[in-house]
Amino acid sequence: MRFLLESYSLARWERALAKAFSLLIVISPLDEKGIKASAPDARTLIIPNGVDVNYFKPQGSPQKARIVFTGVLSYLPNEDAVRYFAESVFPLIQQKIPEAEFWAVGKGPSESIRALASRKGIHVTGTVEDIREYLGSARVFVCPLLYGAGMKNKILGAMAMERPVVATSISLEGIAAVLERDALVGDTPEQLAAEVERVLRDDGLAQRLGRSGRALVLERYAWESAFKILRSAVAQFDPRKNLDP
């Protein structure tokens, strides 16, 4: 009911924004489709989220069987994803790879999420000083979100650091990743576990996914690329263009 009411409220805001502004910037085709549904005449421009590829760059030493998820753990979709992975996916992985570790990294974990750390192989960090330390140690980055909207910067950051990504389909929405080349996907516990196991066992696959993911980010999601699109859009509304010489 809460989400339903929010959707009605958001649609009203989108219609009002379309009338008030000359251009609406969104971060993905999915968001553009949502805007157009409530405001068909809106003028839109897609500028995807960006990553500082000089900050998020390959570094660290991946641990052989370490699986990492990052995010604000007080955010309900992230909390739900951690619980889902820890309870439904990770035990399947442990059956095949007993030494596997799952690290949930991020601030604000609830007591129930912290309690997961009492289980073998699961670690919950809370706030950390530098997320790159944990991304760099990951053999595989997982994003098992079951709901939530928007482009997932956590995935772009992991890709920029050449960490192989295994995710649910909804986690990759808005990201132009080619499956099997840039990322692996699983939408059931069994599928997610199987794809994570593939990466943990196959050095060549892990390296190939990591390199391809960073190449994708450099091409499509570096801040410099996003800024070029924004600068061109802003220039259209520069009042100085209309001044007589």
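Figured I'd write up the structure that's included with this text. (Residues numbered from 1 in each chain as written. Predicted model: local features only at pLDDT ≥ 70, side-chain atom pairs only at ≥ 80, totals over all residues. Heavy atoms only, no water.)

### Re unusual backbone geometry
Turning to step 1, where the next piece is worked out: Residue Glu162 is not a glycine yet carries a positive backbone phi of 65 degrees.
Turning to step 2, where the next piece is worked out: Mapped onto the secondary structure, Glu162 falls in the loop between α6 (153-160) and β7 (165-167).
Turning to step 3, where the next piece is worked out: In this model, Glu180 sits at a positive phi of 75 degrees, which is unusual for a non-glycine residue.
Turning to step 4, where the next piece is worked out: Looking at where Glu180 falls in the secondary structure, it is placed in the loop between β7 and β8 (184-185). (Helix = DSSP H or I, 4+ residues; strand = E, 2+ residues; numbered from the N terminus.)

### Notes on the pattern of salt bridges
Turning to step 1, where the next piece is worked out: In this structure the tally under the stated criterion is 9 salt bridges.
Turning to step 2, where the next piece is worked out: The shortest N-O distance in the salt bridge between Glu79 and Arg83 comes to 3.2 Å. Remark: Arg83 and Glu79 occur in helix α3 (residues 76-96); sequence separation between them is 4 residues, near one turn of the helix.
Turning to step 3, where the next piece is worked out: Between Glu180 and Arg198 there is a salt bridge; the shortest N-O distance is 3.2 Å. Taken as a pair, Glu180 in the loop between β7 and β8 and Arg198 in helix α7 (residues 189-201) lie far apart in primary sequence, 18 residues in all.
Turning to step 4, where the next piece is worked out: The class for Arg198 is partly exposed, based on a relative accessible area of 33%.
Turning to step 5, where the next piece is worked out: Several salt bridges share partner residues, and in doing so they unite Glu180, Glu195 and Arg198 into one network. (Salt bridge = Lys/Arg side-chain N within 4 Å of Asp/Glu carboxyl O. Buried < 20%, exposed > 50% of the residue type's maximum accessible area, 1.4 Å probe, protein only.)

### Description of the sheet that holds strand β4 (residues 101-105)
Turning to step 1, where the next piece is worked out: Read across the open sheet, the 6 strands follow the order β5-β4-β3-β6-β7-β8; overall the sheet is parallel. Each edge of the sheet is formed by a strand with only one pairing partner; in this case those strands are β5 (122-124) and β8.
Turning to step 2, where the next piece is worked out: Note that β7 and β8 share 2 bridges and pair parallel. Considered in β8, the bridge of Ala167 is made with Val185.
Turning to step 3, where the next piece is worked out: Seen against the sheet, α3 touches β3 (66-70), β4, β5 and β6 (140-143) and runs at an angle of roughly 175 degrees to β4. (Pairing = 2+ DSSP bridges. Contact = heavy atoms within 4.5 Å. Axes fitted to C-alpha atoms, helices over the stretch in contact; angles between N-to-C directions.)

### Things to note about the pairing of β6
Turning to step 1, where the next piece is worked out: Of the two faces of β6, the one carrying Val140 and Val142 and the one carrying Phe141 and Cys143 are both buried.
Turning to step 2, where the next piece is worked out: Taken together, the 2 bridges between β3 and β6 define a ladder with parallel strand orientation. Residue pairing for β6: Val68 is matched across the bridge by Phe141.
Turning to step 3, where the next piece is worked out: Pairing between β6 and β7: 3 bridges, direction parallel. Bridge pairing links Phe141 to Val165 in β7.
Turning to step 4, where the next piece is worked out: Handedness of the crossover is the feature at issue here: the chain leaves β6, passes through α6, returns alongside β7, and the resulting connection is right-handed. (Right-handed = clockwise from strand over helix to strand, strands pointing away.)

### Brief notes about a nonpolar patch on the surface
Turning to step 1, where the next piece is worked out: The grouping of Met1, Leu4, Leu5 and Tyr8 at the surface amounts to a nonpolar patch, some 490 Å² of accessible area in total.
Turning to step 2, where the next piece is worked out: Checked against the element boundaries, Leu5 lands in helix α1 (residues 2-20).
Turning to step 3, where the next piece is worked out: Of the residues examined, Leu5 reaches a relative accessible area of 53% and is grouped as exposed. (Patch = residues over 30% accessible without salt bridge, like charges linked within 9 Å, V, L, I, M, F, W, Y side chains within 5 Å. Areas by Shrake-Rupley, 256 points an atom, 1.4 Å probe, with all protein chains shown as cover.)

### Examining the nonpolar core
Turning to step 1, where the next piece is worked out: Ile67, Ile93, Phe102, Val142 and Ile155 are the most contacted members of the largest nonpolar core, which has 55 residues in total.
Turning to step 2, where the next piece is worked out: With 8 residues, the top contributor of residues to this core is α3.
Turning to step 3, where the next piece is worked out: Those residues in contact with Ile155 that lie beyond four places of it in its chain are Phe141, Cys143, Val165, Ala167, Ser171, Leu172 and Ile175.
Turning to step 4, where the next piece is worked out: The next biggest cluster of nonpolar side chains, apart from the first, holds 6 residues, and it includes Val68, Val105, Val128 and Tyr134. (Core = buried A, V, L, I, M, F, W, Y, C linked by side-chain atoms within 4.5 Å.)

### Observations regarding the packing of aromatic side chains
Turning to step 1, where the next piece is worked out: Here the structure, examined in full by the defined rule, presents 5 aromatic pairs.
Turning to step 2, where the next piece is worked out: Clustering of aromatic rings is evident, with ring pairs tying together Phe85, Phe90 and Phe102. (Phe/Tyr/Trp six-rings, centres within 6.5 Å; stacked < 30°, edge-to-face > 60°.)

### Let's talk about the layout of surface pockets
Here the idea is plain: a probe the size of a water molecule rolls over the atoms and shows the empty space left.
Turning to step 1, where the next piece is worked out: By volume, the largest pocket is sized at about 640 Å³.
Turning to step 2, where the next piece is worked out: Forming the boundary of the largest pocket are 16 residues, of which Glu6, Ser7, Leu10, Gly148 and Ala149 lie nearest the centre.
Turning to step 3, where the next piece is worked out: Of all the elements in the fold, those that place two or more residues in the lining of the largest pocket are α1, α2 (29-38) and α3.
Turning to step 4, where the next piece is worked out: Tallying contributions element by element places α1 first for the lining of the largest pocket, with 7 residues.
Turning to step 5, where the next piece is worked out: Tallied by class, residues from the lining of the largest pocket come to 9 nonpolar, 3 polar and 4 charged.
Turning to step 6, where the next piece is worked out: The wall of the second largest pocket is formed by 18 residues, among which Phe56, Thr70, Gly71, Ile131 and Lys154 lie closest to the centre.
Turning to step 7, where the next piece is worked out: Those elements that place two or more of their residues in the lining of the second largest pocket are α5 (131-137) and α6.
Turning to step 8, where the next piece is worked out: The biggest single contributor to the lining of the second largest pocket is α6, with 3 residues.
Turning to step 9, where the next piece is worked out: Among the residues making up the lining of the second largest pocket, the classes are represented as 8 nonpolar, 7 polar and 3 charged. (1 Å grid on protein atoms, 1.4 Å probe; cavity = no way out; pocket = protein on both sides within 12 Å on 5 of 7 lines; lining within 4 Å. Points joined across faces, edges and corners; volume = space filled by probe spheres on them. Nonpolar A, V, L, I, M, F, W, Y, C, P; charged D, E, K, R; others polar.)

On their own, these measurements won't tell you what the molecule is for.
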